[in-house]
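Fold and contact review
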Amino acid sequence: MEDLKAKLRVGAIAVLSVSVLLAGLYGLLKPVQNGCVMTYMYPTYIPISTPRNLSSTKYSLYLYHEGWKKIDFSEHLKKISGVPVLFIPGNGGSYKQVRSLAKESHWAYTTGPLERSFYQEASLREQEGGFDMDATISLPNQYICMLDWFAVDLEGEHSAMDGQILEEHTEYVVYAIHRILDQYKESRDARVREGAAVSGDLPKNVILVGHSMGGFVARAAIVHPHLRKHAVETIITLSSPHQSPPVALQPSLGLYFASVNQQWIKGYEAQVTHSGHYVSDAMLSHVVVISISGGFNDYQVFYMSLQLFLWELC
């Protein structure tokens, strides 16, 4: 009888332990409802030619076009006149990941801003630290500029594995930024030669949008010595590690992160003489960085590493 009670006790403990384990696994693995709506698109990727005086490279640059009709690439490039945005994919990512962002911005430009109720649902209430939208925000009926989305094809390389790959990606992104700005001038010159009307100024900078390691590459490009002055003033990063690599498999990764972050710290220091007299603003004072994280639902990139604690290090 005692043996039976002992066996039942052991069996109950085993069942309870297995139940707790299964409940924990379910909590980790169950799909998370994010409330997103599927985006449908008709993508076309227009290759941007490489100048003959540039040595051949394994990477490529594309311009995204939304629409199901076939277009003449050369004629389409002549007409670009929007705000240039460059998408940088992350570790093992594809340049084609730009399609959802580009489609949504195209839809916003052609149809106008979303209904005010959408912004009210997405914002905090006043008691939660938010603000009264009706009193503070005036939504336009139509956006005045469209976004021209470019994307770099980095061959799906695993930039999270090797610091040398990160450096190569950074160098190509710097080239791509310059190539994009030059393309706008080439397109305008082509329209002028054909006698077409031109208006507005040429873009002077490119907005960078980086996913995962692509966000860090964007920040690395900002402090690259060959980048033109003020060629980038806005960076948006999506689940990008800023403080350290998610997994430092090689010393080169940690060293490159440390080098770039150190340059950013120096970039926020005002230029002064040895005697302490002010000379000029900080080199990065004109750069705005927006880091968007997946929060606690992101199991690959810890949300704390997505923040820039540069003010604590200065």
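So, here is what we can say about the structure in this document.

This part covers the overall build of the protein chain. In terms of helices and strands, the protein chain carries nine helices and nine strands. Counting the 314 residues in the protein chain, one finds 35% classified as buried. Relative to all contacts within the protein chain whose residues are 6 or more apart in sequence, the contacts with residues 24 or more apart total 74%. Carbon and sulfur atoms make up 57% of the accessible area of the protein chain, which amounts to about 19,800 Å² in all.

A positive phi angle, close to 60°, is found at His230, a residue other than glycine. Its place among the elements puts His230 in the loop between α7 (213-222) and β6 (234-238). Although it is not a glycine, Ser239 sits at a positive phi angle of roughly 50°. Mapped onto the secondary structure, Ser239 falls in the loop between β6 and α8 (251-267).

A few words now on the pattern of salt bridges. Applying the stated criterion to the full structure yields seven salt bridges. Residues Lys58 and Glu157 are paired through a salt bridge, measuring 2.9 Å at the closest nitrogen-oxygen approach. You can see Lys58 sitting in the loop between β1 (43-47) and β2 (60-66) and its partner Glu157 sitting in the loop between β4 (147-153) and α6 (163-193), a full 99 residues away along the chain. Lys58 is the partner of Glu168 in a salt bridge, and the nearest nitrogen-oxygen pair spans 3.6 Å.

Looking now at the sheet that holds β1. By definition, the strands of a sheet pair up through backbone hydrogen bonds, in either a parallel or an antiparallel sense. The strand order β1-β2-β4-β3-β5-β6-β9 describes an open sheet built from seven strands, whose pairing is mixed. Edge positions in the open sheet fall to β1 and β9 (288-292), since each of these has one partner strand only. Sheet twist, expressed as the average angle between the axes of neighbouring strands with direction ignored, equals 25°. The pairing of β6 with β9 spans five bridges and is classified as parallel. By the bridge assignment for β9, Ile235 is matched with Val289. Packing against the sheet, α6 makes contact with β2, β3 (83-88), β4 and β5 (207-211), and its axis sits at approximately 155° to β3.

A few words now on helix α3 (residues 99-111). Compared with the 18 Å implied by 1.5 Å per residue over 13 residues, the 18 Å span of α3 between its first and last C-alpha is a close match. Three or more residues of α3 are buried, namely Ala102, Lys103 and Ser105. Structurally, α3 contributes buried residues whose contacts are with β2 and β4. After α3 finishes, the residue Gly112 shows a positive phi value of roughly 95°.

We now examine the nonpolar core. The nonpolar side chains of a soluble globular protein tend to be buried with one another. Counting 44 residues, the largest nonpolar core has Leu61, Leu86, Phe150, Ile177 and Ile222 as its most contacted members. When residues of this core are assigned to their parent elements, the largest contribution, ten residues, is made by α6. The contacts of Leu86, once residues within four sequence positions are left out, are Leu61, Phe150, Ala151, Val152, Val173, Ala176, Ile177, Ile180, Val206, Ile207, Leu208 and Val209. Among the nonpolar cores identified, the runner-up in size contains twelve residues, and Tyr62, Tyr64, Val85 and Trp149 belong to it.

The rules behind each value
Counting from 1, residues in each chain are numbered in the order their sequence is written. The model is predicted, so local features are restricted to residues of pLDDT at least 70 and side-chain atom pairs to those at 80 or more, both for listing and for counting; the totals for chains, interfaces and linings are taken over all residues. Only hydrogens and water are set aside; all other atoms, that is, all heavy atoms of the structure, feed into the side-chain values. In this description a helix means any DSSP run of H or I spanning at least four residues, a strand means any run of E spanning at least two, and both kinds are numbered starting from the N terminus. The buried label goes to any residue with under 20% of its type's maximum accessible area, the exposed label to any with over 50%, and the partly exposed label to all in between, with areas taken from a 1.4 Å probe on protein chains only. By definition, residues are in contact when any of their heavy atoms lie within 4.5 Å. All accessibility values rest on the Shrake-Rupley procedure with a 1.4 Å probe; residue burial counts only the protein chains present in the view. In the sections that follow, a salt bridge refers to a side-chain nitrogen of Lys or Arg positioned within 4 Å of a carboxyl oxygen of Asp or Glu. For two strands to be treated as a pair, DSSP must find at least two bridges joining them. Helix axes use the C-alpha atoms of the stretch in contact, all axes being lines fitted to C-alpha atoms, and the angles between their N-to-C directions lie in the range 0 to 180 degrees. Helices are assigned an expected span. That span is 1.5 Å times one less than the residue count. Residues belong to one nonpolar core when they are buried, are Ala, Val, Leu, Ile, Met, Phe, Trp, Tyr or Cys, and are joined through side-chain atoms within 4.5 Å.

Coordinates in, geometry out; function isn't part of it.
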